[in-house]
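Report on the structure
Chain residues, written in single-letter form:
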Amino acid sequence: MIADIKIGITGLPGSGKTYALQRVIEMLQEEEVTIGGMIDEPVGDGRHKTGFTVRDIMTGETQVFASTEFESKIMVGKIGVDLSKLEEVGVRAIRNACQECDIIVIDEVGKMEVESEAFVEAVKEALDADKPMILTLHKKSRNPLLQDIRRRDDVRILEVTPTNRNILPYKIVRLMTGENV
């Protein structure tokens, strides 16, 4: 039985937000719940990030939406962002999850993603959906959407640190399955 809970995972870049989220997804899939939404994954050689892909958790469809190769009005450091690719895969994945899944996942509500109006709207729709959800949040952003999420009474924010990154997924799964933590 999945609890009706919304969990925000926050932490500094490189702290393991996506890692913790992927562990939670693996553990919850063993509970035979349907999980949908999107995951951002870095592209690079291990030492240098050259971009990010967005992946639809249900379909596996993946697109590069941010890259040092992209010319774009939206730049985060040296990385250009192609919002149409984020929207094509990520926004559609969020909207489908709101309709078809037991749990909605959004990784990540971050600097690049909030540049997209469609993404911001999809996140708001998902937050208002009557479904459990897990999202990862950029820690320091002052973006209004992130501030709204942090202020919501129905979202429990948990921080990933190098110390708790291996334990946190178990805690989140216990919260999601309604066990007292």
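Preceding this section is the structure that the text describes.
Residues numbered from 1 in each chain as written. Predicted model: local features only at pLDDT ≥ 70, side-chain atom pairs only at ≥ 80, totals over all residues. Heavy atoms only, no water.

Some details on the overall build of the chain
Note the cut-off: Under the scheme used here, helices are H or I runs from DSSP no shorter than 4 residues and strands are E runs no shorter than 2 residues, and both carry numbers assigned from the N terminus. For this measure, only C-alpha atoms enter the radius of gyration; the expected value for a globule follows 2.2 Å times N^0.38, where N is the number of residues.
Check the secondary structure of the chain and you find five helices and nine strands. Reading the helices (α) and strands (β) of the chain from amino to carboxyl end gives β-α-β-β-β-β-β-α-β-α-β-α-β-α. Here the chain has a C-alpha radius of gyration of 15 Å; the compact-globule value for 181 residues is 16 Å, and the two agree. With the C-alpha coordinates aligned to their principal axes, the bounding extent of the chain is approximately 50 × 35 × 30 Å.

Section: helix 2 (residues 83-100)
In an α-helix, one full turn covers 3.6 residues, which means residues spaced three or four apart are oriented alike. Note the threshold: Helices are assigned an expected span. That span is 1.5 Å times one less than the residue count. Values of bend correspond, residue by residue, to the angle between axes fitted over the seven residues ending at that residue and the seven starting there. Here a residue-residue contact requires only that any non-hydrogen atoms of the pair lie within 4.5 Å.
Relative to the 26 Å expected for 18 residues at 1.5 Å per residue, helix 2 spans 24 Å between its end C-alpha atoms, a close match to the ideal helical length. The principal kink in helix 2, of about 25°, is found at glycine 90. Residues of helix 2 that are buried sit in contact with strand 2 (35-44), strand 3 (49-56), strand 4 (62-67), strand 6 (79-81), strand 7 (103-109) and helix 3 (117-128).

Digging into the pairing of strand 8 (residues 133-138)
Heads up, the rule is: Whether a residue is buried, partly exposed or exposed follows from its accessible area with a 1.4 Å probe, protein chains only, as a fraction of its type maximum: under 20%, in between, or over 50%, in that order. For two strands to pair, DSSP has to find at least two bridges joining them. Look down the strands so they point away from you; if the path from the first strand over the helix to the second goes clockwise, the crossover is right-handed.
The buried count for strand 8 comes to six of six residues, which makes it a mostly enclosed element. Neither face of strand 8 is left uncovered, since the one carrying Met133, Leu135 and Leu137 and the one carrying Ile134, Thr136 and His138 both have all their residues buried. Summarising the sheet, strand 1 (residues 6-11) and strand 8 pair through six bridges and their orientation is parallel. Residue lysine 6 lies in a different strand from strand 8, and its bridge partner there is methionine 133. Summarising the sheet, strand 7 and strand 8 pair through four bridges and their orientation is parallel. Its bridge partner being in strand 8, isoleucine 106 is matched across the sheet by leucine 135. Crossover strand 7 to strand 8 through helix 3 is right-handed.

Things to note about the pattern of salt bridges
The following threshold applies: Here, a salt bridge means any Lys or Arg side-chain nitrogen found within 4 Å of an Asp or Glu carboxyl oxygen.
Applying the stated criterion across every chain yields a total of nine salt bridges. Residue glutamate 41 is joined to arginine 55 by a salt bridge in which the shortest nitrogen-to-oxygen separation is 3.2 Å. Of this pair, glutamate 41 sits in strand 2 while arginine 55 sits in strand 3; the two residues are 14 residues apart in sequence, bridging distant segments of the chain. Of the residues examined, glutamate 41 reaches a relative accessible area of 22% and is grouped as partly exposed. Here lysine 85 ties to aspartate 82 by a salt bridge, and the two come within 3.6 Å at their closest N and O atoms. Connected through shared salt-bridge partners, Asp128, Arg152 and Asp154 make up one network.

Structural notes on the pairing of strand 7
Most of strand 7 sits inside the fold, with seven of its seven residues counted as buried. Of the strand pairs in this sheet, strand 2 and strand 7 are connected by five bridges, and their pairing is parallel. Across the sheet, isoleucine 39 pairs through a bridge with aspartate 107, a residue of strand 7.

A short note on helix 5 (residues 168-176)
Threshold: When we speak of the arc, we mean the arc of directions from the helix axis to the C-beta atoms.
Along helix 5, the residues classified as buried are Leu168, Pro169, Ile172, Val173, Leu175 and Met176. Buried residues of helix 5, viewed axially, fall in a sector of 160°; they line one side. After helix 5 finishes, the residue glycine 178 shows a positive phi value of roughly 80°.

Some remarks on unusual backbone geometry
Omega for the bond connecting aspartate 107 with glutamate 108 falls within 30 degrees of zero, at 15°, which places this linkage in the cis form. A positive phi angle, close to 60°, is found at glutamate 32, a residue other than glycine. Note on glutamate 32: relative accessible area 73%, which makes it exposed.

Focus: the side chain of histidine 138
Basically, it comes down to this: Polar contacts here mean pairs of N or O atoms no more than 3.5 Å apart (in protein, one a potential hydrogen donor and the other a potential acceptor; neighbouring residues in sequence count only if both atoms are side-chain atoms).
Structurally, histidine 138 is set in strand 8. Of note is the side chain of histidine 138, whose polar atom sits 3.1 Å from the backbone nitrogen of serine 141. In contact with histidine 138, other than residues within four places in its own chain, are Thr10, Glu108, Val109, Gly110, Lys111, Leu146 and Arg150.

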